[in-house]
Amino acid sequence: MPIETPSQVFQELVEQHRGILFKVAKAYCPNEEEQQDLVQEMMIQIWQSLQRYDPRYKISTWLYRIALNVAISHFRKNKVHQRKQGTLQGQTPLSEDSDQPEKEQQLRLLEQFIEELKELDKALMVLYLEDRSYAEIAEIIGISVSNVATKIGRIKDKLKQRFSQQKIS
């Protein structure tokens, strides 16, 4: 049985779990070009960390942790630039008389509201929307399970409030 090279392992890993990278990138960068750049940064970090992977942990948990750390660092670097622009990069306002079906419009609103969250809250929601267990989210983020539950509950309340405000406007 041939032994796989690190390059082959990396290629298989990225191919099998590319959805993780793109979902995290989309949550942190609404602009498609920036998403691609962020995914590239994630892949570089995965390549550099591959030898340090501990097989006692699920590969998806390890990848989420890397992807979120890279995305949060990217978000922090670009925060100052975004403030100077006075708007989130790539954000397009939703028009009142959009032709989109209501569910699509609500999904875009949800994405916009999640984009506006603090970095940790955004990471929590990305994982929550991926149907990750609270235990797995806690392991990826590095906080307790009860803290995950509390924070997600608060974020949900905040998002519900934002949707309510949107309907009033």
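This is a predicted model, so every value here is computed, not measured. Numbers given for residues are sequential positions, taken from 1 along each chain in its written order. Side-chain atom pairs in this predicted model are given and counted only at pLDDT of 80 or more, local residue features only at pLDDT of at least 70, and totals for whole chains, interfaces and linings cover all residues. Hydrogens are left out, water is left out, and the side-chain values use all remaining heavy atoms of the structure.

1. What to know about the overall build of the chain
Here is the rule: Secondary structure elements are taken from DSSP: a helix is a run of H or I of four residues or more, a strand is a run of E of two residues or more, and numbering for both begins at the N terminus. Think of it in three bands: with a 1.4 Å probe and only protein chains considered, a residue is buried below 20% of the maximum accessible area for its type, exposed above 50%, and partly exposed in between. For this analysis, residues touch if any pair of their heavy atoms sits within 4.5 Å. Here the accessible surface of atoms and residues is derived via Shrake-Rupley with a 1.4 Å probe, and residues count as covered only by protein chains that are part of the display.
What the chain contains, in helices and strands, is seven helices and zero strands. Start at the N end of the chain and walk to the C end: the helices and strands fall as α-α-α-α-α-α-α. When burial is assessed residue by residue, the chain has 36% of its 169 residues classed as buried. A sequence separation of at least 24 residues applies to 63% of the contacts in the chain between residues at least 6 apart. Accessible area for the chain stands at about 10900 Å²; split by element, carbon and sulfur atoms hold 51% of it.

2. Points about the packing of helix α1 (residues 6–28) against helix α5 (residues 119–129)
Here is the rule: Throughout, an axis means a line fitted to C-alpha atoms (over the contacting stretch in the case of helices), and angles, computed between N-to-C directions, take values from 0 to 180 degrees. For this classification, under 35 degrees means roughly parallel, over 145 means roughly antiparallel, 65 to 115 means roughly perpendicular, and everything else is oblique. The hand of a helix crossing depends on one turn: near helix anticlockwise from the far one by less than a right angle means left-handed, and clockwise means right-handed. For this scheme, ten residues count as nonpolar: Ala, Val, Leu, Ile, Met, Phe, Trp, Tyr, Cys and Pro. Four count as charged, namely Asp, Glu, Lys and Arg, and the remainder, Gly too, count as polar.
Interhelical geometry of α1 versus α5 gives an angle of 140 degrees and a closest axis separation of 10 Å. When the axis of α1 is compared with that of α5, the two are oblique. Crossing geometry of α1 relative to α5 is assigned as right-handed. Contacts between α1 and α5 involve V24, A27 and Y28 from the former and E119, K122, A123 and V126 from the latter. Partitioned by chemical class, the residues of the contact of α1 with α5 number five nonpolar, no polar and two charged.

3. Focus on the environment of S144
So the rule is basically this: Between N or O atoms, a polar contact is any pair within 3.5 Å; within protein, one atom must be a potential hydrogen donor and the other a potential acceptor, and residues adjacent in sequence are included only when both atoms are from side chains.
Looking at the secondary structure, you find S144 in the loop between α6 (134–141) and α7 (145–168). On a C-alpha basis, the gap between S144 and Y134 in space is 8.9 Å, while along the polypeptide they are 10 residues apart. Within polar-contact distance, the side chain of S144 engages the side chain of S146 at 3.3 Å.

4. Points about α7
Put simply, the rule reads: Multiplying 1.5 Å by the helix residue count minus one yields the expected span of that helix.
Between its first and last C-alpha atoms α7 spans 35 Å; for 24 residues at 1.5 Å apiece the expected length is 34 Å, and the two agree. Residues V148, I152, I155, L159 and F163 constitute the buried set of α7. The secondary structure elements touched by the buried residues of α7 are α4 (102–115), α5 and α6.

5. Looking at the pattern of salt bridges
Heads up, the condition is: Criterion for a salt bridge: a side-chain nitrogen of Lys or Arg within 4 Å of a carboxyl oxygen of Asp or Glu.
Scanning the model with the defined rule gives seven salt bridges in all. We note a salt bridge from E136 to K58, for which the minimum N-O separation is 3.7 Å. With E136 in helix α6 and K58 in the loop between α2 (32–49) and α3 (59–85), this residue pair connects regions lying 78 residues apart in the sequence. The structure contains a network of salt bridges with shared partners spanning K58, R132 and E136.

6. What about unusual backbone geometry?
The phi torsion at D131 lies on the positive side, around 60 degrees, for a residue other than glycine. Turning to its location among the elements, D131 is positioned in the loop between α5 and α6.

7. Side note on the confidence of the model for the chain
Heads up, the rule is: The pLDDT value tells you how sure the predictor is about a given residue, anywhere from 0 up to 100.
For the chain, mean pLDDT is 83; residues scoring 70 or higher make up 85% of the total. When pLDDT is averaged over each element of the chain, α2 comes out on top at 93 and α3 at the bottom at 77. Contacts from residues 83–98, a stretch scored under 50 in pLDDT, to residues over four places away or in other chains number 21 contacts.

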